[in-house]
Amino acid sequence: MDPSSYVPAYLERSYLAEHPDLTPAARELVHDDVWQRPEKYATTPHAQALLAYAHTHAHLMSELNRMADLPDEEFERKRGQLFDETRLALYKIAQTDHLVVDAHLVGAMLADTPLDACISDLMKIEARTREHLENSGCGFDIDAPGFWTAEALNSTGLTEAQLTQSDPMAIGWLHTLEAISQLCLATARYKAAASYARCVMRAQGYPSHAEGTVMLALARLEDEDGFFSFVRELGSPENTAEGSAPEASGQVSVDDSPWFLLARTLLLFKAGRERPARRALRDFSERCEGGAFFLLNPTYIDPYLPVRPQVREPWELTHQAVWEAEGAVYDTPDFVPWAETVEGIYEASEAFAERHGF
């Protein structure tokens, strides 16, 4: 979740808790005002630190977007400068308030360390954050289905989704889990990747595509029974996230998910089932805009800081799925050359490139 979403939600919840006698009309006015002027409601050091992180993160992402068209050498130089400046800003925020989890998390992800060392750092952040949540008395329970106790729900009058969306530490913890799962996938720790991603999926009201990580991991493990069992599980009512509309953060149905369609293709190909694999690949290409292009032409994507950014164009969702599948595809070196020989795939790639100027 973007801090521009969860920080105002936290500020609103805090203000309403301090002013329980407000009328419904006044509460509505507060809601509108908090989201328009969050600085006005950041009256505690913790709230101010959260807002400082939100501003730092927004600056980081906007500058990365602004650099997209720079020549390669200038891009690398300016990105390095931006990352150094951002790490310093995040370090200062974390030193001011160690409870701003995302400042620790993004700072660790921006550090120039090997992936194994980064995973180790993130696991320490996860363990430390989980311990604080469990001992803080906020009602967080790692064993509860949506991570919140019945007592917390009853005392606040909020749903699991509302509690999660307005608790920056819980969001930071989920971000950390999601980042670990993605790094595990990138480093061939497929069972761990699936395990961490499944934990993320338990959260209510937290938009993500953690299910995509699970599907890619199961496909790479060639676990066909587990893969299709998981897909059926996704369609069950208890796995429809409370408070998450399908369109939130680019969410799509399983049948239209680029993660599902690509992972299914990879799974069938690795199983040696040529005809079903060809049909699955054509399905992926036809139903996921840019699918053929990104599969045949690895293309740079902005780093996840800390997790998948919100999509602006439909093809960006496909780009994310192919990018995340890179490790599994790399471990199957004949997959992409085979894909290029399938009728219509090369032509679909060229047509997309022509339409979008790639």
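Thresholds applied
Residues numbered from 1 in each chain as written. Predicted model: local features only at pLDDT ≥ 70, side-chain atom pairs only at ≥ 80, totals over all residues. Heavy atoms only, no water. Helix = DSSP H or I, 4+ residues; strand = E, 2+ residues; numbered from the N terminus. Rg over C-alpha atoms; globule rule 2.2 N^0.38 Å. Buried < 20%, exposed > 50% of the residue type's maximum accessible area, 1.4 Å probe, protein only. Contact = heavy atoms within 4.5 Å. Lys, Arg positive; Asp, Glu negative; His and termini not counted. Charge placed at Lys NZ, Arg CZ, Asp CG, Glu CD. Expected span 1.5 Å × (residues − 1). Arc of directions from axis to C-beta. Patch = residues over 30% accessible without salt bridge, like charges linked within 9 Å, V, L, I, M, F, W, Y side chains within 5 Å. Areas by Shrake-Rupley, 256 points an atom, 1.4 Å probe, with all protein chains shown as cover. Salt bridge = Lys/Arg side-chain N within 4 Å of Asp/Glu carboxyl O. Axes fitted to C-alpha atoms, helices over the stretch in contact; angles between N-to-C directions. Parallel < 35°, antiparallel > 145°, perpendicular 65-115°, else oblique. Left-handed = near helix turned anticlockwise from the far one by under 90°. Nonpolar A, V, L, I, M, F, W, Y, C, P; charged D, E, K, R; others polar. Phe/Tyr/Trp six-rings, centres within 6.5 Å; stacked < 30°, edge-to-face > 60°. pLDDT = per-residue confidence, 0-100.

Topic: the overall build of the chain
Step number 1: The helix and strand inventory of the chain stands at 20 helices and zero strands.
Step number 2: Here the C-alpha radius of gyration of the chain, 21 Å, is about what a compact globule of 358 residues would show, namely 21 Å.
Step number 3: When the backbone C-alpha atoms are referred to their principal axes, the chain occupies close to 65 × 50 × 40 Å.
Step number 4: Burial statistics for the chain: of 358 residues in total, 48% are counted as buried.
Step number 5: Within the chain, residue pairs in contact and separated by at least 24 positions form 66% of the contacts whose partners lie at least 6 positions apart.
Step number 6: With 30 positive and 57 negative side-chain charges, the chain shows a separation of 3 Å between the mean positions of the two kinds.

Examining helix α2 (residues 24-36)
Step number 1: For α2, which comprises 13 residues, the first-to-last C-alpha distance of 19 Å matches the rise-based estimate of 18 Å (1.5 Å per residue) to within 8%.
Step number 2: Among the residues of α2, Val30, Asp33 and Val34 are the ones counted as buried. What you see down the axis of α2 is that its buried residues fit within an arc of 100°, all on one side. Away from the buried face of α2 by more than 90 degrees, exposed residues Pro24, Ala25, Glu28, Leu29 and Gln36 are located.
Step number 3: Tucked into the core, α2 has its buried residues touching α1 (3-18) and α3 (38-41).

A look at a negative patch on the surface
Step number 1: Among the surface-exposed residues, Glu340, Glu343, Glu347, Glu350 and Glu354 lie close enough to one another that they form a single negatively charged patch.
Step number 2: Per-element accounting of the negative patch gives the leading share, three residues, to helix α20 (residues 345-356).
Step number 3: Here glutamate 354 is to be found in helix α20.
Step number 4: Relative accessible area serves as the criterion here: at 66%, glutamate 354 is assigned to the exposed category.

A few points about the packing of helix α11 (residues 190-201) against helix α12 (residues 210-220)
Step number 1: Across the interface, α11 lies against α12 with an axial gap of 8 Å and an inter-helix angle of 155°. The angle between α11 and α12 places the two elements in the roughly antiparallel class. Where α11 crosses over α12, the handedness of that crossing is left-handed. Taken together, the residues of α12 that come into contact with α11 (itself represented by Tyr190, Ala193, Ala194, Ala197, Arg198, Val200 and Met201) are Ala210, Glu211, Thr213, Val214, Ala217 and Arg220.
Step number 2: Considered class by class, the residues forming the contact of α11 with α12 number nine nonpolar, one polar and three charged.

So, the packing of aromatic side chains
Step number 1: Tallying each qualifying case throughout the model produces 20 aromatic pairs.
Step number 2: Arranged with centres 6.1 Å apart and planes meeting at 10°, the rings of phenylalanine 227 and phenylalanine 260 form a pair that is stacked. Of this pair, phenylalanine 227 sits in helix α13 (residues 224-234) while phenylalanine 260 is found in helix α14 (residues 258-270), placing the two residues 33 residues apart along the sequence. The residues phenylalanine 227 and phenylalanine 260 share a single accessibility class, namely buried.
Step number 3: Between tryptophan 315 and phenylalanine 358 the ring centres are 5.5 Å apart and the planes differ by 85°, which places this aromatic pair in the edge-to-face class. Highlighted residues: tryptophan 315 in helix α17 (residues 314-324) and phenylalanine 358 in the segment after α20, separated in sequence by 43 residues.
Step number 4: Look at tryptophan 315 and you get buried, because its relative accessible area is 15%.
Step number 5: A residue is classified by how much of its surface remains accessible, and phenylalanine 358, at 40% relative accessible area, is partly exposed.
Step number 6: Taken together, the ring pairs connect Phe293, Phe294, Trp315, Phe352 and Phe358 into an aromatic cluster.

Topic: the environment of glutamate 222
Step number 1: Structurally, glutamate 222 can be placed in the loop between α12 and α13.
Step number 2: In this structure the C-alpha to C-alpha distance between glutamate 222 and alanine 26, which are 196 residues apart in sequence, comes to 56 Å.
Step number 3: Discounting chain neighbours no more than four positions away, the residues touching glutamate 222 are Leu267 and Lys270.

Examining the confidence of the model for the chain
Step number 1: Averaged over all residues, the pLDDT of the chain equals 94, while 95% of them reach at least 70.
Step number 2: Per-residue pLDDT stays below 50 along residues 240-249; that stretch engages in 21 contacts with residues further than four places along the chain or on separate chains.

Re the pattern of salt bridges
Opposite charge on two side chains allows them to pair when their charged atoms are near.
Step number 1: Per the stated rule, a full pass over the model turns up 18 salt bridges.
Step number 2: Note that arginine 189 is salt-bridged to aspartate 116, the shortest N-O span being 3.1 Å. A residue pair is termed long-range when its members are at least 10 positions apart, and arginine 189 in the loop between α10 (168-186) and α11 and aspartate 116 in helix α7 (residues 115-135) qualify at 73 residues.
Step number 3: Two residues, aspartate 256 and arginine 287, come together in a salt bridge whose shortest N-O distance is 2.8 Å. Highlighted residues: aspartate 256 in the loop between α13 and α14 and arginine 287 in helix α15 (residues 274-287), separated in sequence by 31 residues.
Step number 4: A relative accessible area of 38% places aspartate 256 in the partly exposed class.
Step number 5: Taking the relative accessible area as the measure of exposure, arginine 287 reaches 38% and is therefore partly exposed.
Step number 6: One salt-bridge network, in which partners are shared between bridges, spans Asp256, Arg264, Asp283 and Arg287.

With respect to the environment of valine 106
Step number 1: Looking at where valine 106 falls in the secondary structure, it is placed in helix α6 (residues 101-110).
Step number 2: Exposure remark for valine 106: the relative accessible area of 1% places this residue in the buried category.
Step number 3: Placed 31 residues apart in sequence, valine 106 and phenylalanine 75 show a C-alpha to C-alpha distance of 20 Å.

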